[in-house]
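What follows is each chain in one-letter form.
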Amino acid sequence: MADANMNAGATPHVKTSLTAPDARTRKRNAAEKRFRAYGIIAVLIGLTFLVILATTIIRSGLPAFTKTIVSVDFTLTQEEFDAAEKELFKTKAYQGYFNTALKGQIEERGLDVEFDEAAIERILGKTGGDIRSFYRENPDQLGQPVAFELAASSRVDGYFNGRVTRETLQDSRFLQLTDLDLVDAMFEAEIIKSAFNWSFITGADSGVDNPGGAGIGASVVGSFFMMLVVLGLSLPIGVAASIYLEEFAPQNRITDLIEVNISNLAAVPSIVFGILGLAVFIQFMHLPQSAPLVGGLVLTLMTLPTIIISTRAALKAVPPSIRDAALGVGASKMQAVFHHVLPLAMPGILTGTIIGLAQALGETAPLLLIGMVGFVARGYPEGVLSGFTEPNSAMPAQIYTWAARADAGFYEKAWGGIIILLVFLLTMNIIAIILRRRFERRW
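Residues numbered from 1 in each chain as written. Predicted model: local features only at pLDDT ≥ 70, side-chain atom pairs only at ≥ 80, totals over all residues. Heavy atoms only, no water.

(A) Main features of the overall build of the chain. Across its full length, the chain carries 19 helices and three strands. Taking 22 Å as the expected radius of gyration for a compact globule of 443 residues, we find that the chain reaches 33 Å, considerably beyond that expectation. Structurally, the chain occupies a C-alpha span of about 130 × 70 × 40 Å along its principal axes. In the chain, 77% of the contacts between residues at least 6 apart in sequence involve partners at least 24 apart. Total accessible area computed for the chain in this model is approximately 25100 Å², and 62% of it derives from carbon and sulfur atoms. Charged side chains in the chain number 37 positive and 41 negative. The centres of these two groups are separated by 17 Å. (Helix = DSSP H or I, 4+ residues; strand = E, 2+ residues; numbered from the N terminus. Rg over C-alpha atoms; globule rule 2.2 N^0.38 Å. Contact = heavy atoms within 4.5 Å. Areas by Shrake-Rupley, 256 points an atom, 1.4 Å probe, with all protein chains shown as cover. Lys, Arg positive; Asp, Glu negative; His and termini not counted. Charge placed at Lys NZ, Arg CZ, Asp CG, Glu CD.)

Next comes the structure, spelled out in C-alpha cells:
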C-alpha cells in the first residue's frame, strides 16, 4: 500500500534521445544564434560608420589637392618694365599691365561678357607683386612671351569645388555675382582650369586671408623632427626600463609602486603632459619655444608608458624555458636576457614602439600648450640643427589651426591635412605589421 502511494506521487520518467535535442538544449542553441546575430549586426554597423567616415573625409579633403589656376600669356617689354620701376606704386603698375593683357586675350577669344579691371582683381587677387618679383629675378624674359599660371581666389576655387554657388553667393569686395559670368566664360575658353595642388603638399602655412596658398609641407617636416626625438629617447629608455622591471628588479613595494604609476601615466590626459612640458622645458630649462625639440621631449614623456607596457608584455611572452636553458649552459643572467630573451621579444617591442609613435604623431593638445601652433610653420628649416631648435609646427596642430579659421577654404585644407595624417598613421601601422611578421619566431 505504501509503495503504491509513493509511485503515485513520483514524476513520470520522460524518455529522451541523444539524437533529438530537448527543450533546454533548443533554448541554449537559440540564444547562441541570437548572440551571433547580434555580433554580426554590430560588425555591420561599425563597418557602415567606418565607410561613412572615410567617405566624408575623402569627399571633404580632396578639394584641397586641387587648385584653380588662370593661364595667361603675358609679354612685358623693357620700356614697360622701366616705366613701372619709376612709378611710386610699382605693384599697381604691373597689375595694370597684366589686366590689360588678360583683357586682350579674353577679347581675342571672342568672349561676349562685360567686365572691368576690378572683376579681374576679385578673381585673381593682387598679382602685381608676383609679376614684379618674376621679372626682377628673370630680366632675360623681358620682351618674350611668358605663360603665367596664377592661382585664382579662394572663392573662385570654391565655386568650382561646389562650395560657392550662385544661389548662396552674396556680392562683396571679394566676389560678386556678375563675376561668375566672366569665370564661366574664361573656363569655356580654357583660360581657367583645375590642376593638382602640389603646393598644398610641399608648401607652408599662409596668412588668414590666403587659403589657396596654404600648405602642410613645413608642418610635415616639423612632425618628422619631433618623431626623431621621440624615437631616439623613448625607445632606449622604454626598453631599458622594461628589461629592468621584468627581468632584474626585485618584487617589493617600490617596484610595485613604480608599476602602478606607469599604468596610471598611460591613462593621463595628453594636455597634462603639455602643461608639464611648458613648466619644465620652457619656463624652467629655457629651451626654445615652439621648437620640435621641446615637442619631442613632451611626446617622449607621453609615449614612454605605452612602450614600457608593450615591451614588458613582449618579454613576458617569451617562455621561461628559454631563460632556463641559457642559464643551464652557463650564461649569466644578463647574457640570457640580451642574447636570447630580447631577440625573441623584438617583434612585440617594435610593434609597441611604432604604435606609440603613431599615437604621438596625432597628438595636438600638448603641442598647442608649448606654442607649436599652425601659423608658426612659415618655412622649411635651413639645416638639421635648426630643424630641431627653430620654431615650427606639426601636422595635427596645423590642422587644428586651419579648422579654427573663418574662411571656408581653410576648412577644406583641414580635411586634406587629415588625409595626409591618416596616410602617415596607416603607413606606420603597416610597417609595424610587416616588422612583426618579419622578425616573429615561433617556439
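After that view of the structure, there is still more to cover.
(B) Region of the structure containing a positive patch on the surface. Together, Arg24, Lys27, Arg28 and Arg34 line one region of the surface with positive charge. With respect to the helices and strands, the residue arginine 24 is situated in helix H2 (residues 23-61). (Patch = residues over 30% accessible without salt bridge, like charges linked within 9 Å, V, L, I, M, F, W, Y side chains within 5 Å. Salt bridge = Lys/Arg side-chain N within 4 Å of Asp/Glu carboxyl O.)

(C) Highlighting a nonpolar patch on the surface. Side chains of Ile40, Val43, Leu44, Leu47, Leu50 and Leu53 sit close together on the surface and give an oily, nonpolar patch of about 580 Å² of accessible area. Note on placement: isoleucine 40 falls in helix H2. Its relative accessible area of 52% is what places isoleucine 40 among the exposed residues. (Buried < 20%, exposed > 50% of the residue type's maximum accessible area, 1.4 Å probe, protein only.)

(D) Fine view of helix H4 (residues 90-108). Between its first and last C-alpha atoms H4 spans 28 Å; for 19 residues at 1.5 Å apiece the expected length is 27 Å, and the two agree. Among the structural elements, strand E1 (66-74), helix H3 (78-86), helix H5 (117-124), helix H6 (128-137), strand E2 (146-151) and helix H8 (179-188) are those in contact with the buried residues of H4. (Expected span 1.5 Å × (residues − 1).)

(E) How the structure looks around the nonpolar core. Counting 39 residues, the largest nonpolar core has Leu102 and Tyr135 as the members making the most contacts within it. No other element matches H4, which puts six residues into this core. When near neighbours in sequence (up to four residues on either side) are disregarded, tyrosine 135 contacts Phe74, Thr75, Leu76, Phe81, Gln141, Leu142, Val146 and Phe148. Core analysis: the next-biggest nonpolar cluster, separate from the first, contains 38 residues, Met226, Met227, Leu299 and Ala414 among them. (Core = buried A, V, L, I, M, F, W, Y, C linked by side-chain atoms within 4.5 Å.)

(F) Geometry of the domain arrangement of the chain. Annotation of the chain at the domain level lists domain 1 (67-196) and domain 2 (216-439). If you average the C-alpha positions of domain 1 and of domain 2, the two centres end up 47 Å apart. With five residues of domain 1 in contact, the opposing surface of domain 2 contributes four residues. For the pair domain 1 and domain 2, the number of links is one salt bridge. With a shortest N-O distance of 2.9 Å, arginine 163 and glutamate 412 are connected by a salt bridge. The interface formed by domain 1 and domain 2 holds one residue pair in polar contact (both at pLDDT 80 or more) in total. Tallied by class, the residues present in the side of domain 1 that touches domain 2 amount to no nonpolar, two polar and three charged. (Domains from an automatic or database assignment. Polar contact = N/O pair within 3.5 Å; in protein donor to acceptor, adjacent residues only side chain to side chain. Nonpolar A, V, L, I, M, F, W, Y, C, P; charged D, E, K, R; others polar.)

(G) Structural detail: the UniProt feature "transmembrane region" (unreviewed entry) in the chain. As annotated by UniProt and renumbered to match this structure, "transmembrane region" (unreviewed entry) occupies residues 35-58, 224-245, 265-287, 293-315, 336-358 and 414-435. From the first C-alpha to the last, residues 35-58 spans 35 Å; its make-up is 100% helix and 0% strand. In the segment residues 224-245, helix accounts for 100% and strand for 0%; the C-alpha atoms at its two ends are 31 Å apart. (UniProt positions renumbered as here; feature names shortened; annotations may be inferred.)

(H) Examining the environment of leucine 228 more closely. With respect to the helices, strands and loops of the structure, leucine 228 is situated in helix H10 (residues 217-248). On a C-alpha basis, the gap between leucine 228 and proline 292 in space is 9.4 Å, while along the polypeptide they are 64 residues apart.

(I) Structural context of the packing of aromatic side chains. Inspection of the entire model under this criterion finds 16 aromatic pairs. Looking at arginine 155, its charged tip hangs above the ring of phenylalanine 174, at a distance of 4.2 Å from the centre. Over the aromatic face of phenylalanine 410 sits the side chain of arginine 405, whose NZ or CZ is 4.7 Å from the ring centroid. (Phe/Tyr/Trp six-rings, centres within 6.5 Å; stacked < 30°, edge-to-face > 60°. Lys NZ or Arg CZ within 6 Å of the ring centre and 35° of its normal.)

(J) Representation of the sheet that holds strand E3 (residues 192-196) within the structure. Read across the open sheet, the three strands follow the order E2-E1-E3; overall the sheet is antiparallel. Of all strands in the sheet, those with a lone pairing partner are E2 and E3, marking the two edges. For this sheet the average axis-to-axis angle between neighbouring strands, irrespective of direction, equals 40°. As paired strands, E1 and E3 are joined by five bridges and run antiparallel to one another. (Pairing = 2+ DSSP bridges. Axes fitted to C-alpha atoms, helices over the stretch in contact; angles between N-to-C directions.)

(K) Layout of the pattern of salt bridges. For the structure on display, the rule yields twelve salt bridges. One salt bridge connects arginine 122 with aspartate 179, and the closest N-O pair in it is separated by 2.6 Å. Taken together, the positions of arginine 122 in helix H5 and aspartate 179 in helix H8 put the pair 57 residues apart, joining distant regions of the chain. The pair formed by arginine 122 and aspartate 179 is uniform in burial state, with each residue classed as buried.

(L) Quick peek at the confidence of the model for the chain. For the chain, per-residue confidence averages 85 on the pLDDT scale, and residues scoring 70 or more make up 95% of the total. Within the chain, no element has a lower average pLDDT than helix H1 (residues 2-9), which sits at 54, and none a higher one than H2, at 93. (pLDDT = per-residue confidence, 0-100.)

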